Amino acid sequence: MPSVGPVKRNDEGDSIVCAGPTIGANSLQPKFVGGAGMIRNDLHVHSVQSMCGMHTVLEIVEIAARKEMRLVNISDHGRASGKDMRFGVIANKLRWPEKVKSSTGKVITVLAGIETNILDINGNSDFPQSNLNRFDLVSAGFHHSNGGASDNTKALENYLAQSPLDILTHPCKASHPLLIEEIVELSLSHGFALEVNNTNLRVGKTDHEQLEKMIALASERGAILVENSDGHTFIEIGENEEVEMFLEHRNIDGDVLFINRDDLRLEKFLAQRKQKRTPLPS
Ligand SMILES: [Zn+2]
Ligand SMILES: [Zn+2]
């Protein structure tokens with residue numbers, strides 16, 4: 001059973017040292033080797049606060065460090081996924097710092113995100129408006145509604161009229177179709193990123209034809225694309241082998257395609273999106 005050692009502040013500002021061994025090294029090694037080929041900046045990771053996530057945030061820091069990643073965005077589900085959720089602590093930089101040091105000494109950037117649920121055609125969601133200005137990234141996706149492509153696209157449009165969006169998660173999930181041309185245009189007009197999701201490819205949830213279409217159209221029109229793991233477990237977090245395989249078969253260069261493979265492009269995107277949600281001083 002993994003154990004998390006005592007946590008203390010170190011002498012370097014706001015980093016947290018997670019003292020002592022946390023997760024046995026061997027448990028992270030066998031199949032998926034860290035380093036080259038990982039998602040360096042993984043913008044879609046679930047913690048144990050989501051009922052489907054398996055790890056605490058400190059365990060995620062350890063996993064990210066051992067896989068030689070740089071950044072994880074903790075994007076737990078909204079409350080419609082079955083649990084009363086709390087985002088106030090992780091989204092408060094006075095209580096949860098952005099830079100966290102792992103037991104190996106590697107510093108991991110931990111962003112405070114959410115994967116909110118778009119719930120109906122009117123665009124209602126479980127986005128907690130009270131934390132609007134505190135999230136580093138707001139992601140949204142379809143998990144519970146059962147509309148067709150046209151209804152789901154309308155739902156997204158209506159969501160955008162009332163709530164923020166920085167990343168549309170798994171837009172090519174077969175169970176929740178969307179109109180690809182429309183979502184690429186919405187991405188362009190609202191500035192949110194479209195996600196290519198490794199775990200959904202792994203577990204067979206992705207409509208490959210739709211994904212191919214989305215990547216082609218987004219590239220042609222200049223819409224923003226990100227690759228994320230949607231990791232719920234240590235064998236999923238930071239992994240992108242299915243995305244790579246998908247691109248290789250089509251001769252597409254992921255380094256050009258995804259803004260989160262480039263730290264500077266990502267930082268610019270993060271700053272722009274956060275500024276958009278910050279009210280101007282009165
Ligand atoms: Zn999701
Ligand atoms: Zn997710």
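Overview of the structure.

Conventions we followed
- Residues numbered from 1 in each chain as written.
- Chains lettered and ligands numbered in written order.
- Predicted model: local features only at pLDDT ≥ 70, side-chain atom pairs only at ≥ 80, totals over all residues.
- Helix = DSSP H or I, 4+ residues; strand = E, 2+ residues; numbered from the N terminus.
- Buried ≥ 20, exposed ≤ 12 C-beta atoms within 10 Å, placed from the backbone.
- Contact = placed C-beta atoms within 7 Å.
- Axes fitted to C-alpha atoms, helices over the stretch in contact; angles between N-to-C directions.
- Left-handed = near helix turned anticlockwise from the far one by under 90°.
- Nonpolar A, V, L, I, M, F, W, Y, C, P; charged D, E, K, R; others polar.
- Core = buried A, V, L, I, M, F, W, Y, C linked by C-beta atoms within 7 Å.
- Parallel < 35°, antiparallel > 145°, perpendicular 65-115°, else oblique.
- Pairing = 2+ DSSP bridges.
- Right-handed = clockwise from strand over helix to strand, strands pointing away.

Quick notes on the overall build of the protein chain
Then, in step 1: What the protein chain contains, in helices and strands, is eight helices and 10 strands.
Then, in step 2: Expressed as a percentage of its 282 residues, the buried residues of the protein chain come to 42%.
Then, in step 3: Residue pairs in contact within the protein chain that sit at least 24 positions apart in sequence constitute 76% of those at least 6 positions apart.

Some thoughts on the packing of helix H3 (residues 180-190) against helix H5 (residues 208-221)
Then, in step 1: One way to put it is that H3 packs onto H5 with a least axis distance of 10 Å and a crossing angle of 35°. Considering the relative orientation of H3 and H5, their crossing is right-handed. In this structure, H3 contributes Ile180, Glu181, Val184 and Leu188 to the contact, and H5 contributes Gln210, Lys213, Met214, Leu217, Ala218 and Arg221.
Then, in step 2: A class-by-class count of the residues in the contact of H3 with H5 yields six nonpolar, one polar and three charged.

Some details on the environment of Ala174
Then, in step 1: Positionally, Ala174 belongs in the loop between strand S8 (167-168) and H3.
Then, in step 2: Judged by C-beta crowding, with 15 C-beta atoms within 10 Å, Ala174 ranks as partly exposed.
Then, in step 3: Counting along the chain gives 30 residues from Ala174 to Gly204, while the straight-line C-alpha distance between them is 9.0 Å.
Then, in step 4: Contacts of Ala174, omitting those with residues within four sequence positions, involve Lys205, Thr206 and Asp207.

What to know about the nonpolar core
Then, in step 1: Membership of the largest hydrophobic core comes to 63 residues, with the highest contact counts inside it found for Val61, Ala64, Val72 and Ile108.
Then, in step 2: Counting residues per element, this core draws most heavily on helix H1 (residues 57-66), at seven residues.
Then, in step 3: Setting aside residues up to four positions removed in sequence, Ala64 forms contacts with Met69, Val72, Ile108, Ile237 and Gly238.

Side note on the packing of helix H2 (residues 149-160) against H3
Angle between the axes and distance between the axes are the two parameters that describe a pair of packed helices.
Then, in step 1: Their axes nearest at 10 Å, the elements H2 and H3 cross at an angle of 10°. Relative to H3, H2 is oriented roughly parallel. In this structure, H2 contributes Thr153, Leu156, Glu157 and Leu160 to the contact, and H3 contributes Glu182, Ile183, Leu186 and His190.
Then, in step 2: Split by residue class, the contact of H2 with H3 holds four nonpolar, two polar and two charged.

Quick notes on unusual backbone geometry
Where the residue is not glycine, phi is negative for most of them; where a peptide bond is considered, it is trans in most cases.
Then, in step 1: If you check the backbone angles, Asp230 has positive phi at about 55° while not being a glycine.
Then, in step 2: Within the secondary structure, Asp230 is located in the loop between strand S10 (225-228) and helix H6 (241-248).
Then, in step 3: Non-glycine residue Asn251 carries a positive phi angle of around 55°.
Then, in step 4: Here Asn251 lies in the loop between H6 and helix H7 (254-257).
Then, in step 5: Residue Asn251 is classed as exposed on the basis of its 6 C-beta neighbours within 10 Å.

Some remarks on H1
Then, in step 1: Burial analysis of H1 places 10 of its 10 residues in the buried class, the great majority of the element.
Then, in step 2: Restricting attention to buried positions, one finds in H1 the residues Val57, Leu58, Glu59, Ile60, Val61, Glu62, Ile63, Ala64, Ala65 and Arg66.
Then, in step 3: Residue Glu68 follows H1 closely and has a positive phi angle near 60°.

Considering the environment of Lys213
Then, in step 1: As for its position among the elements, Lys213 is in helix H5.
Then, in step 2: Classification of Lys213 as partly exposed rests on a count of 15 C-beta atoms within 10 Å.
Then, in step 3: Considering only alpha carbons, one finds Lys213 and Ile180, 33 residues apart in sequence, at a separation of 7.3 Å.

Thoughts on the pairing of strand S9 (residues 193-197)
Then, in step 1: Burial runs high along S9: five of the five residues are buried.
Then, in step 2: Sheet topology places S8 next to S9; two bridges connect them, and they run parallel. Among the inter-strand pairings, Ile167 is bridged to a residue of S9, identified as Ala193.
Then, in step 3: Crossover S8 to S9 through H3 is right-handed.

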